[in-house]
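# Survey of secondary and tertiary structure
The residues making up each chain are set out below.
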Amino acid sequence: MVITARALNRSTLHRQLLLERAPLGVAEAVRRVVGLQAQHPGSPYVALWNRITDFDPDHLDKAVNGYELVRSTLMRLTLHLVHAKDYRAFREAMEPTLRGSRLHDPRFTKAGFTAADADALLPDLLAYAGSARTGAELKERLEAGRGGPVENVVWRMIRQYAPLWHAPTGPPWSFGTAQAFVTATELPALRDPEASAAGLAVLLRRYLEGFGPASIPDMAQFTTAPRGLVREAVKALGDELERLEGPDGTVLYDVPGADRPGEDVPAPPRLMAMWDSVLLAYADRSRIIPPEYRKQVIRVNGDTLPTLLVDGYVAGVWRPVDGGIEASAFHPLTAGDWNGLAAEAASLGALLTGRDPRVYGRYDHWWAKGLPAFETRVLPY
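Quick caveat, the model's predicted, so the values are computed rather than measured.

Parameters at a glance
Residues numbered from 1 in each chain as written. Predicted model: local features only at pLDDT ≥ 70, side-chain atom pairs only at ≥ 80, totals over all residues. Heavy atoms only, no water. Helix = DSSP H or I, 4+ residues; strand = E, 2+ residues; numbered from the N terminus. Expected span 1.5 Å × (residues − 1). Bend = angle between axes of the 7 residues up to and from the residue. Buried < 20%, exposed > 50% of the residue type's maximum accessible area, 1.4 Å probe, protein only.

For the peptide bond that leads from P171 to P172, omega is 5°, which places it in the cis range. Summarising the element assignment, P172 is placed in the loop between β5 (164-166) and β6 (180-183). With an omega of -5°, the peptide bond running from G212 to P213 counts as cis. Along the chain, P213 turns up in the loop between α10 (193-211) and α11 (216-223). One non-glycine residue, S174, lies in positive phi territory at about 75°. Looking at the secondary structure, you find S174 in the loop between β5 and β6. A positive phi angle, close to 55°, is found at R191, a residue other than glycine. Tracing the chain through its elements places R191 in the loop between β6 and α10.

Right, let's get into helix α7 (residues 115-128). Residue pairs three or four apart in sequence face the same way in an α-helix, which turns once every 3.6 residues. The end-to-end C-alpha distance of α7 is 20 Å, a good match for the 20 Å that 14 residues give at a rise of 1.5 Å each. L122 marks the point of greatest bend in α7, at about 40°, and the proline P123 comes within the next four residues. Regarding α7, the residues found buried are A115, A118, D119, L121, L122, L125, L126 and Y128.

If you want it as structure tokens, here you go:
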């Protein structure tokens, strides 16, 4: 079966609950979309507002406070919010990548630490973090076990490698600048190739359910796992996957029986969260981001700006300003497009006003540097 580029776009939007908001609870919605990018603590709230009918942020607060949804370093070595029941398999899938990138980082070894040193210190650190501890407390514990000072970079690498969850620290977005951590309830197997291979197979199947159809490079991009390991996992899945032909003959994989809407299905406008997963989950970003806009949306340091989605594709960026949402379109939009975005802005304003009207204010410097806006409007709350 051959699938077009536009049909791939619609498949992603459908599985990511972006063609129509769904009447789901927050925990079920997060499982449906695999996980949510959570570098900025407000982004999961904006992401779920885009996906859930009548989204109530208090429900996300409750799920986070009860550790039903947990925040940790996972795919692409970035913070994700995932369901606690998914954490172990996802973390085992990421073990080779996390271990190699964190415990063999030149900055880590230059500070006099080895992977073996981290392995020796980890059991005591995890036992101590059985109850939530601040970052300062955990660093002090690490130093006590080491018998001397530990550089900040070493602590950062160890905490990102360790199976720790971020403990909620309060409003407006559950996690603040003061970080706290707690040991995962069900510890993943570390340094176990069989567990990692099994976890990767689970993660890739879930990825295809939430983002497919997709290629092996796409799967490697989503996970940051080596392509060789991704190929082995796909091979191990065997008949559990279906092969398709994408644009230009690209080999794509999907779960059998998955819904794939036609390319003519309408896609409503959306105001996407910063670092939303749909912008980052593919090697071929053109599924959602037109190539000419990629550098404007994904900045040189990796910051991925909050975007306007029009007809399923990135059409500009947005930011909160006094009194509304400033929407900057990269190309001409119709009156209907602007009306749809204005309705979304009014709804989003209700969420932000009760929490943090300047949710992404610290990133205003990208606008100060200049963006190629064709037209900019302030859409009032």
